[in-house]
Amino acid sequence: MTRTTGPLMAAAAMAGAAWLSLAPAAADDNAERLARLDPEQRAFAEDVQAFIDSMDAKYFGRASAINGGEQSEETRDFDTEYSLHKVRVARGPVIAKIGRMESRGKKASPGRGEGELVWSRFYSIDVHPATPLVGMLHATIVVQFYADGSVGTGGWLDVMPGTRIEEDIARWGKVVDDHFTAAGKDPALYRELVCKGTEETISEFRRKPSCAGVSFYGPPVFRDDPRASYDFISGLYDKFVGTYLDIVEDRQDDPFTAEDVAAQDAMRRQWLIDQLFSDPFASAIVPFEVWSMANVAPVVKF
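Residues numbered from 1 in each chain as written. Predicted model: local features only at pLDDT ≥ 70, side-chain atom pairs only at ≥ 80, totals over all residues. Heavy atoms only, no water.

1. Quick notes on helix 3 (residues 166-182)
Helical geometry note: an α-helix holds 3.6 residues per turn, so side chains three or four residues apart project in the same direction. Stated precisely, the cut-off is as follows: Strands are runs of DSSP state E lasting at least two residues, helices are runs of H or I lasting at least four, and both sets are numbered from the N terminus onward. Take the number of residues in a helix, subtract one, and multiply by 1.5 Å to get its expected span. Exposed residues in this analysis have more than 50% of their type's maximum accessible area, buried residues have under 20%, and partly exposed residues fall in between, with area computed by a 1.4 Å probe over protein chains only. The directions considered for the arc run from the helix axis to the C-beta atoms. The contact definition used throughout considers only heavy atoms, calling two residues in contact when any of these lie within 4.5 Å.
In this model, helix 3 (17 residues) spans 24 Å end to end at C-alpha, consistent with the 24 Å of a helix rising 1.5 Å per residue. Those residues of helix 3 lying buried are Asp168, Ile169, Trp172, Gly173, Val175, Val176, His179 and Phe180. Taken around the axis of helix 3, the buried residues stretch over an arc of 145 degrees, which confines them to a single face. Of the exposed residues in helix 3, the ones pointing more than 90 degrees away from its buried face are Glu167, Thr181 and Ala182. On the buried face of helix 3, the contacting elements are strand 7 (151-160), helix 4 (188-196), strand 8 (214-215) and helix 5 (226-251). Immediately beyond the C-terminal end of helix 3, within one or two residues, lies Gly184, with a positive phi of roughly 70 degrees.

Okay, structure coming up:
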């Protein structure tokens, strides 16, 4: 039984879900939640967690290598009414900031699914390179299991450029196109979604993606097979993030101009505005302390 990740609730008028207070850290009830799933879904959920753990090891390790080992790290857990958020951040000279948010759902968030939530994961990687020639990466994947047996999948993969280097954008686009073609699928709808957002997105304040990527916050890729949809999204996730970091390595020593720096500053400022006023998940569900640690640029200029 497939559950489509539905429209997100409208953005709060002002920053940061003030009505959500951060509670003291609570014990993780993962084992108890897994035990409530049937054997097939339990194996599915365990695969999701294994994927998250592997992405953490792979891409924080890759960032450390790109940074020449000169990397500081910080981790922090935030327990809220809806999720336990596990945030990890690393900073260095080339990858100025890479942030991860792993949200372990406790109950369905308003506008993000209906019914009794049994087990879920939202996982994001955000990267801010030092060079202004490569934009910020925002990569997410979400899987939700409900008591009625339904499963929801979703995700978002794209880059917010400052200076647009069309050669690089074409490389990201080709990764997406090749992945869809190999599965006999068309990326057009999912590209439209990544460009325009959901019905609840406030366009005036929205981020400006390259539109080479895709959003899976819409109809499932495989409508009657959530496992196949997840496998498709997770496979593209790994390819897209890997290609992005290849480009960061390729561009890290390229010369840039004051105009490139100004474009990076404008993009980073727009991302923060998006999170405050446009993205309904960030602005109304996840507390400011959580998402700002995970995904906001190391420096934002106004």
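We are not done yet, so read on.
2. So, the confidence of the model for the protein chain
Quick reminder of the rule: Looking at any residue, its pLDDT shows the predictor's confidence there, from 0 to 100.
For the protein chain, mean pLDDT is 89; residues scoring 70 or higher make up 86% of the total. pLDDT under 50 marks residues 1-26. Its contacts with residues more than four places away, or in other chains, come to 86 contacts.

3. Some details on the nonpolar core
Counted only if it meets this: Only buried residues count toward a nonpolar core, which is a set of Ala, Val, Leu, Ile, Met, Phe, Trp, Tyr and Cys residues joined through side-chain atoms within 4.5 Å.
One finds Leu137, Trp172, Phe216, Tyr237 and Tyr244 to be the most contacted residues of the largest nonpolar core, which totals 52 residues. Only helix 2 (39-66), strand 4 (95-105), strand 5 (117-129), strand 6 (136-146), strand 7, helix 3, helix 4 and helix 5 provide two or more residues apiece to this core. For this core, the element with the highest residue contribution is helix 5, accounting for 11 residues. Tyr237 has contacts with Phe51, Met55, Tyr123, Ser124, Ile125, Ala139, Thr140, Ile141 and Leu157, leaving out every residue within four places of it along the chain.

4. Focus on the pairing of strand 3 (residues 83-91)
Threshold: By this definition, two strands are paired if DSSP reports at least two bridges between them.
Of all 9 residues making up strand 3, 7 are buried, and the element is well covered by its neighbours. Of the strand pairs in this sheet, strand 2 (residues 72-79) and strand 3 are connected by 8 bridges, and their pairing is antiparallel. If you follow Glu74 over to strand 3, its bridge partner there is Val89. Between the antiparallel neighbours strand 2 and strand 3 lie 3 residues. Note: strand 3 against strand 4, 8 bridges, orientation antiparallel. In the strand pairing of strand 4, Lys86 is matched with Glu102. Following strand 3, the chain reverses through 3 residues before pairing antiparallel with strand 4.

5. Here we look at the environment of Leu276
Mapped onto the elements, Leu276 comes out in helix 6 (residues 258-278). A relative accessible area of 13% means that Leu276 is categorised as buried. Spatially, the C-alpha atoms of Leu276 and Arg206 are 9.8 Å apart, while their sequence positions differ by 70 residues.

6. A short note on the pattern of salt bridges
Which entries qualify depends on this criterion: Here, a salt bridge means any side-chain nitrogen of Lys or Arg that lies within 4 Å of a carboxyl oxygen of Asp or Glu.
Tallied over the entire structure, the rule returns 25 salt bridges. Residue Arg251 is joined to Asp168 by a salt bridge in which the shortest nitrogen-to-oxygen separation is 2.9 Å. Note that Arg251 is positioned in helix 5 and Asp168 in helix 3, a separation of 83 residues in sequence. The buried category is assigned to Arg251, whose relative accessible area is 16%.

7. Some details on the side chain of Ser292
What counts is decided by this rule: Nitrogen and oxygen atoms within 3.5 Å of one another constitute a polar contact, given that in protein one can donate a hydrogen and the other can accept it, and given that sequence-neighbouring residues count only through two side-chain atoms.
You can see Ser292 is positioned in helix 8 (residues 288-295). Within polar-contact distance, the side chain of Ser292 engages the backbone oxygen of Phe288 at 2.5 Å.

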